[in-house]
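Examining the three-dimensional arrangement
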Amino acid sequence: MNALSHRSLVPEILDGLAADDPRALASRRDLRRINVLMFQAPIMASLLRKFVPKPPRRMLEIGAGDGTFMLKLARRMARHWHGVELTMLDRVGLATPGLRADFDRLGWKLESITADVFDWAETADGELYDVITVNLFLHHFDDAQLVRLFSLLAPKAPLLLAAEPLRAMSALAAARLLPAIGANDVTRHDAAQSVRAGFRGRELSDLWLAAGGRPLEERRAGPFSHVFVGAGPARDDP
Ligand SMILES: C[S@@+](CC[C@H](N)C(=O)[O-])C[C@H]1O[C@@H](n2cnc3c(N)ncnc32)[C@H](O)[C@@H]1O
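Summarised in this report is the structure supplied together with it. (Residues numbered from 1 in each chain as written. Predicted model: local features only at pLDDT ≥ 70, side-chain atom pairs only at ≥ 80, totals over all residues. Heavy atoms only, no water.)

**Thoughts on the site of the ligand**
Threshold: Throughout, the term near means that a residue has one or more heavy atoms lying within 4 Å of the molecule or strand in question. Polar contacts, as counted here, are pairs of nitrogen or oxygen atoms within 3.5 Å of one another; within protein the pair requires one atom able to donate a hydrogen and one able to accept it, and residues that are adjacent in sequence qualify only if both atoms are side-chain atoms. Here, Shrake-Rupley sampling with a 1.4 Å probe gives the accessible areas, and only protein chains in the shown set may cover a residue. Where helices and strands are cited, they refer to DSSP runs of H or I of at least four residues and of E of at least two residues respectively, numbered from the N terminus.
In the neighbourhood of the ligand, 21 residues make up the surrounding shell, with Arg-28, Gly-63, Asp-90, Asp-116 and Asn-135 lying closest. Between an oxygen atom of the ligand and a side-chain N or O atom of Asp-90, the distance comes to 2.6 Å. Measuring from a nitrogen atom of the ligand, one finds a side-chain N or O atom of Asp-116 at 2.9 Å. Summarising the interface, the protein chains cover 96% of the accessible area of the ligand, which totals 600 Å² for the free molecule. For the shell around the ligand, the secondary structure elements donating two or more residues are helix 1 (22-37) and strand 2 (85-90).

Structure below.
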């Protein structure tokens, strides 16, 4: 059995730092570069083009961080998708007036929610979206927490699209090269840990099924990523 055959979860350092801690600020800057190196925005854009052919009216991004990833994604989609109402949720409040203005310029309306995703999803009964996107976030949670999260999210949107770390030796080897781009100690720890907590095979599909949803696609994407697309529970025809 190799060290990556099962997911292993250790708390990420960034999750324990205050938003304005200099190590957290540096690590969020590193994360922007890691998103670029992993091709996360083009990977998510191609999933959106395939699974969301009509422009959505309302989108939800969970674990959105500082919103940089979502802004890059919006820039890729905005030519064909006008007037999207985007809600970004993170337990740390990082949306700035500048970010809001950037989305405004694309013709998108940004709402931000600062909350723990579980607390929010348990209480936000009437909130419905056309699609939920997730980037480098699901790997924070163990399998039981993911089944709970999926059960809470599936009724809120017909589709959930996720781009997560691939749990593979190649990704772990790449994480070990992060000092070469000047990544700080927080990023170096969290990146390796994210790979060990990442996904492979049909792991997310099985968890989505356990939550009553219908998995549509799960596979490796790009050099270091693993993507998943799930649909809500099948509805009986009226
Ligand atoms: C690895 S970062 C990814 C951020 C962003 N998606 C990106 O790609 O840049 C994970 C994010 O999840 C947030 N987070 C962790 N646990 C959370 C929770 N229980 N509820 C809401 N946000 C959470 C953290 O604050 C952090 O911004």
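**Quick word on the environment of Ala-210**
To keep things clear, this is the line we draw: For the exposure calls, accessible area comes from a 1.4 Å probe over protein chains only, and a residue counts as buried if that area is under 20% of its type's maximum, exposed if over 50%, partly exposed in between.
With respect to the helices, strands and loops of the structure, Ala-210 is situated in helix 9 (residues 203-210). Since its relative accessible area comes to 57%, Ala-210 is described here as exposed. Placed 33 residues apart in sequence, Ala-210 and Leu-177 show a C-alpha to C-alpha distance of 36 Å.

**Details of the nonpolar core**
Soluble globular proteins: nonpolar side chains tend toward being buried together. The cut-off we apply is this: We define a nonpolar core as any set of buried Ala, Val, Leu, Ile, Met, Phe, Trp, Tyr and Cys residues linked to one another through side-chain atoms lying within 4.5 Å. Note on contacts: a residue pair is in contact if any heavy atoms of the two residues lie within 4.5 Å.
Core analysis: the biggest nonpolar cluster contains 33 residues, and Leu-48, Met-59, Phe-103 and Trp-108 have the highest contact counts within it. Leaving out residues up to four positions away in the same chain, Leu-48 has contacts with Pro-53, Met-59, Leu-73, Met-77, Trp-81, Val-131, Thr-133 and Leu-161. Core analysis: the second largest hydrophobic core is formed by 31 residues, Leu-60, Ala-121, Phe-141 and Ala-211 among them.

**Topic: the packing of helix 3 (residues 68-77) against helix 4 (residues 97-105)**
The relative placement of two packed helices comes down to the angle between their axes together with the axis-to-axis distance. Our working rule: Every angle, taken between N-to-C directions, lies between 0 and 180 degrees, and every axis is a line fitted to C-alpha atoms, over only the stretch in contact when it is a helix. By definition in this entry, angles of less than 35 degrees are roughly parallel, angles greater than 145 are roughly antiparallel, angles of 65 to 115 are roughly perpendicular, and the rest are oblique. Each residue gets one label: Ala, Val, Leu, Ile, Met, Phe, Trp, Tyr, Cys and Pro are nonpolar, Asp, Glu, Lys and Arg are charged, and the others, such as Gly, are polar.
Following both chains from N to C, one finds helix 3 and helix 4 inclined at 10°, their axes separated by 10 Å at the closest point. Judged on the interaxial angle alone, helix 4 and helix 3 are roughly parallel. For the pair helix 3 and helix 4, contact is made by Met-70, Leu-71, Ala-74 and Arg-75 and by Leu-99, Asp-102 and Phe-103, respectively. Counted by class, the contact of helix 3 with helix 4 contains five nonpolar, no polar and two charged residues.

**A word on the sheet that holds strand 5 (residues 159-165)**
Heads up, the condition is: Strands are treated as partners if at least two bridges between them are detected by DSSP.
Taking strand neighbours across the sheet as the criterion, the seven strands line up as 3-2-1-4-5-7-6 in an open arrangement whose pairing is mixed. If you trace the sheet from one side to the other, it starts and ends with strand 3 (109-114) and strand 6 (214-221), each paired once. Here the average twist between neighbouring strands, direction ignored, is 15°. As judged from the four bridges shared by strand 1 (residues 58-62) and strand 4 (residues 131-135), these two strands associate in the parallel manner. Bridging across to strand 4, Leu-60 finds its partner in Ile-132.

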